[in-house]
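Listed below, chain by chain, are the residues.
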Amino acid sequence: MNDHAPPPDLRAKGAALIHEAALVAGTWIPAGGDAIAVDNPADERVLGRVPKLGGDEVDRAIAAAAAAFRPWAATKGKARGEFLARWAELVTANEDDLAALISLENGKPWKEALGEVRYANSFISWFSGMAERLDGKAIESANGGDLILAFREPVGPVAAITPWNFPAAMVTRKLAAAFCAGCPVVLKPASATPFTALALAALALEAGLPEGCLSVVTGAQDVVGGRLTGSPLIRKLSFTGSTEVGRKLAAQCAPTLKRLSMELGGAAPLLVFDDADLEVAVEGAVAGKFRAGGQTCVCPNRVYVQAGVKGAYLEKLTARVAALKVGDPFAAGVEIGPLIDAKGVAKVEDHIARTLAAGGRLLTGGQRLEGRFFQPTVMVGGDDALFCHEETFGPVVPVFSFDTEEEALARANASEFGLAAFLFTDDLNRAMRVGRGIEAGLIGVNTGLISNAANPFGGIKQSGYGREGSVYGIDDYLQVKSLTLALR
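This is a predicted model, so every value here is computed, not measured.

**Side note on the packing of aromatic side chains**
How two aromatic rings sit relative to each other is set out by the distance from centre to centre and by the angle between their planes. For the coordinates displayed, the defined rule picks out 10 aromatic pairs. On the basis of an interplanar angle of 85° and a centroid distance of 5.8 Å, the ring pair of W164 and F393 is categorised as edge-to-face. On the criterion of sequence distance, the pair formed by W164 in the loop between β7 (158-161) and α6 (169-181) and F393 in the loop between α13 (385-389) and β16 (396-402) is long-range, its members being 229 residues apart. Here W164 falls in the partly exposed class, since its relative accessible area comes to 21%. Since its relative accessible area comes to 19%, F393 is described here as buried. Of the aromatic side chains, those joined through ring pairs into one cluster are W72, F83, W87 and F179. One cation-aromatic arrangement involves R173 over F457; the distance from NZ or CZ to the ring centre is 4.0 Å. Its end group placed over the ring of Y477, K236 keeps NZ or CZ at 4.7 Å from the ring centre.

**With respect to empty space enclosed by the protein**
Using the criterion set out here, one finds 5 cavities of 30 Å³ or more in the structure. Quantified by volume, the largest cavity comes out at close to 120 Å³. In terms of lining residues, the largest cavity is bounded by 14 residues, among which F166, M170, E263, V298 and F457 are the most central. Taken together, the residues of the lining of the largest cavity break down into 7 nonpolar, 4 polar and 3 charged. The calculated volume of the second largest cavity comes to roughly 80 Å³. Within the residue set of the lining of the second largest cavity, elements represented by two or more residues are β12 (268-272) and β17 (417-418). Residues that form the lining of the second largest cavity fall into these classes: 9 nonpolar, 4 polar and 3 charged.

**A word on the pairing of strand β13 (residues 300-306)**
Put simply, side chains in a regular strand alternate between the two faces of the sheet. Most of β13 sits out of view: 7 of its 7 residues are buried. With 5 bridges connecting them, β12 and β13 associate as parallel partners. The residue of β13 that forms the bridge with L270 is V303. The parallel pair β12 and β13, bridged by helix α10 (residues 278-290), forms a crossover whose chirality is right-handed. As paired strands, β13 and β16 are joined by 4 bridges and run parallel to one another. Pairing of V303 across the sheet is with V399, part of β16.

**As for the packing of helix α3 (residues 77-93) against helix α5 (residues 110-130)**
It is the contact of α3 with α5, at a shortest axis distance of 8 Å, that shows an interaxial angle of 160°. By the angle between their directions, the pair α3 and α5 is classed as roughly antiparallel. For α3 against α5, the interelement crossing comes out left-handed. In this structure, α3 contributes G81, L84, A85, W87, A88, V91 and T92 to the contact, and α5 contributes V117, N121, I124, S125, F127 and S128.

**Some thoughts on a nonpolar patch on the surface**
A contiguous nonpolar surface patch, about 340 Å² in accessible area, is contributed by F151, L483, L485 and L487. Mapped onto the elements, L483 comes out in strand β22 (residues 478-486).

**Brief notes about the side chain of T392**
Position of T392 among the secondary structure elements: in the loop between α13 and β16. Among the polar contacts listed, one links the side chain of T392 to the side chain of H351, at a separation of 2.9 Å. Once you skip the residues sitting within four places of it in the chain, T392 turns out to touch N301, K347, V348, H351 and F387.

**Considerations on the layout of surface pockets**
Quantified by volume, the largest pocket comes out at close to 1100 Å³. Lining the largest pocket are 35 residues, and of these W164, G241, S242, V245 and F393 sit closest to its centre. Going through the elements one at a time, β10 (236-240), α9 (243-253) and α12 (342-357) are the ones with two or more residues in the lining of the largest pocket. Tallying contributions element by element places α9 first for the lining of the largest pocket, with 4 residues.

**Here we look at the nonpolar core**
Within the largest apolar cluster, 69 residues are counted, with the highest numbers of intra-cluster contacts made by W87 and F179. Among all residues touching F179, those that are not within four sequence positions of it are W72, R80, F83, L84, W87, V185, L209, C213 and L214. Of all hydrophobic cores here, the second largest spans 33 residues; its members include V282, F290, V298 and V380.

Rules of the game
- Residue positions are given per chain, counting from 1 as you read along its sequence in written order.
- Only residues with pLDDT of at least 70 are given local features in this predicted model, and only at 80 or more are side-chain atom pairs given and counted; all residues enter the totals for whole chains, interfaces and linings.
- Hydrogens are left out, water is left out, and the side-chain values use all remaining heavy atoms of the structure.
- Pairing of aromatic side chains here covers Phe, Tyr and the six-membered ring of Trp, requires ring centres within 6.5 Å, and sorts the geometry by plane angle: under 30 degrees stacked, over 60 edge-to-face, intermediate tilted.
- A run of H or I in DSSP becomes a helix once it reaches four residues, and a run of E becomes a strand once it reaches two; helices and strands are each numbered from the N terminus.
- The classification of residues rests on relative accessible area computed with a 1.4 Å probe and restricted to protein chains. Under 20% of the type maximum is buried, over 50% is exposed, and intermediate values are partly exposed.
- Comment: the charge-over-ring label is applied if NZ (Lys) or CZ (Arg) is within 6 Å of the ring centre and within 35 degrees of the ring normal.
- Residues are said to line a cavity or pocket when one of their atoms sits within 4 Å of a point; the points come from a 1 Å grid over protein atoms alone, cavities being sets where a 1.4 Å probe fits but cannot get out and pockets being open sets with protein on both sides within 12 Å along at least five of seven lines.
- Grid points are joined across faces, edges and corners, and a volume is the space filled by probe spheres set on the points.
- Residues are grouped as follows: nonpolar covers Ala, Val, Leu, Ile, Met, Phe, Trp, Tyr, Cys and Pro; charged covers Asp, Glu, Lys and Arg; every other residue, Gly included, is treated as polar.
- Between any two strands, pairing holds if DSSP finds at least two bridges.
- By the criterion used throughout, a crossover qualifies as right-handed when its path from the first strand across the helix to the second strand runs clockwise, the strands pointing away from the viewer.
- Fitting a line to C-alpha atoms yields each axis, with helices limited to the stretch in contact; the angle taken between N-to-C directions then spans 0 to 180 degrees.
- Working definition: roughly parallel below 35 degrees, roughly antiparallel above 145 degrees, roughly perpendicular at 65 to 115 degrees, and oblique for all remaining angles.
- Crossings are sorted by hand: turned counterclockwise from the far helix by less than a right angle, the near helix makes the crossing left-handed, and turned clockwise it makes it right-handed.
- Here a residue-residue contact requires only that any non-hydrogen atoms of the pair lie within 4.5 Å.
- A residue counts toward a patch only above 30% relative accessible area and without a salt bridge, and it is joined to like-charged neighbours within 9 Å or, for Val, Leu, Ile, Met, Phe, Trp and Tyr, to nonpolar neighbours within 5 Å.
- Values of accessible area rely on a 1.4 Å probe in the Shrake-Rupley scheme; residue burial ignores everything except the protein chains shown.
- One side-chain nitrogen of Lys or Arg within 4 Å of one carboxyl oxygen of Asp or Glu is enough to make a salt bridge.
- Polar contact is the term for a pair of N or O atoms within 3.5 Å; when the atoms are in protein, one must be able to donate a hydrogen and the other to accept it, and sequence-neighboring residues count only if both atoms are side-chain atoms.
- What is meant by a nonpolar core is a set of buried Ala, Val, Leu, Ile, Met, Phe, Trp, Tyr and Cys residues, joined one to another through side-chain atoms within 4.5 Å.

Written out as structure tokens, the structure reads:
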């Protein structure tokens, strides 16, 4: 990581992007008396407030999306792609300030937040190039006499609900695909980090997005989420969050048979075989686990190391983790910021305590620091069942050992979740065998970083369904209509 401190005025520039308002049908609704306070996880001071919208205002946003749908769907793909390209240019022009805003409301180190803004923008650029390529197919009928034309058309107005851990990337990954397909969106960002979404929405309007094609609604989940899932005008819901909440939202969508995309929880295993390059395996674990302070659904939640290299791996991993710098997201060289809230800190402490009670040992870290900061931690031993079934969502690496490839695969799959997994080996045949055998939607081989715009992102089992990003990421926003021509 670059040790140079960000420019000193970035805090102020990030704060200048804050919109203390919701966006409904092209109109900014300012926060009033009944509002949601958004704080800075690093110092716990309030950054600003957003409205706690009522059901009528959410309904107005839904109605605006429904009214905008036909004109936006009829807009040529080239024009939609040009809008996305302009939006991407504006995001690039404001990337330093957007990164500062993420650091303020999310707590990520500024350099990492800048990486997220660029990652977020890659989805806008990716789908800007796809907007002219949403073609269908001509199919010869089985009777040999008819011609079937299959068209791909936008599914309709979309509701998107996004989490706090990637306040820019989770927004653009959904919005860019929806806009590319021709779908307006009503977006509910996480209440902990709404300002990044609102800033991105302002840039989208500046880039020429028609009013009504995007509303950003803030408020209580039961009010906003209930209106979005219950409305027959919303044809699709895209949700990123916990499996528990995903199940509830899916049930609420059942009466209106909405199209669903669910990117839910994970408990990713990371396997290190005895033929792996240990330096690569350590760097991969650190890069994957400590991004966003361990608060990602795809980060390694449990590490399994083959017995013959366990000692050497633990020595290298412990030294590397102990050297990670924790502190103010805007300070030079900081790699780990605060956790998002006090509940996150308490969960990390609970997982450490339960592991130690089960016979595990601390190798480094394990202590809460001031406020919401926590020491990067490595543990060894104990019971891995906890980490198979619960996400820690914090800077903790629990390490266990295995003897055979068959055991490693069985332990990797001993979870109801199946979002991501990682394996480190220099044997290509083993990489293919184990990679194909792991029950997860995303597999990293000799890397801890697997997310990019070209990779189809999504899970299996209790980690959800649907894919975001890549050439597959547009499919959930399109429906197929066939036209049969009886040729004479």
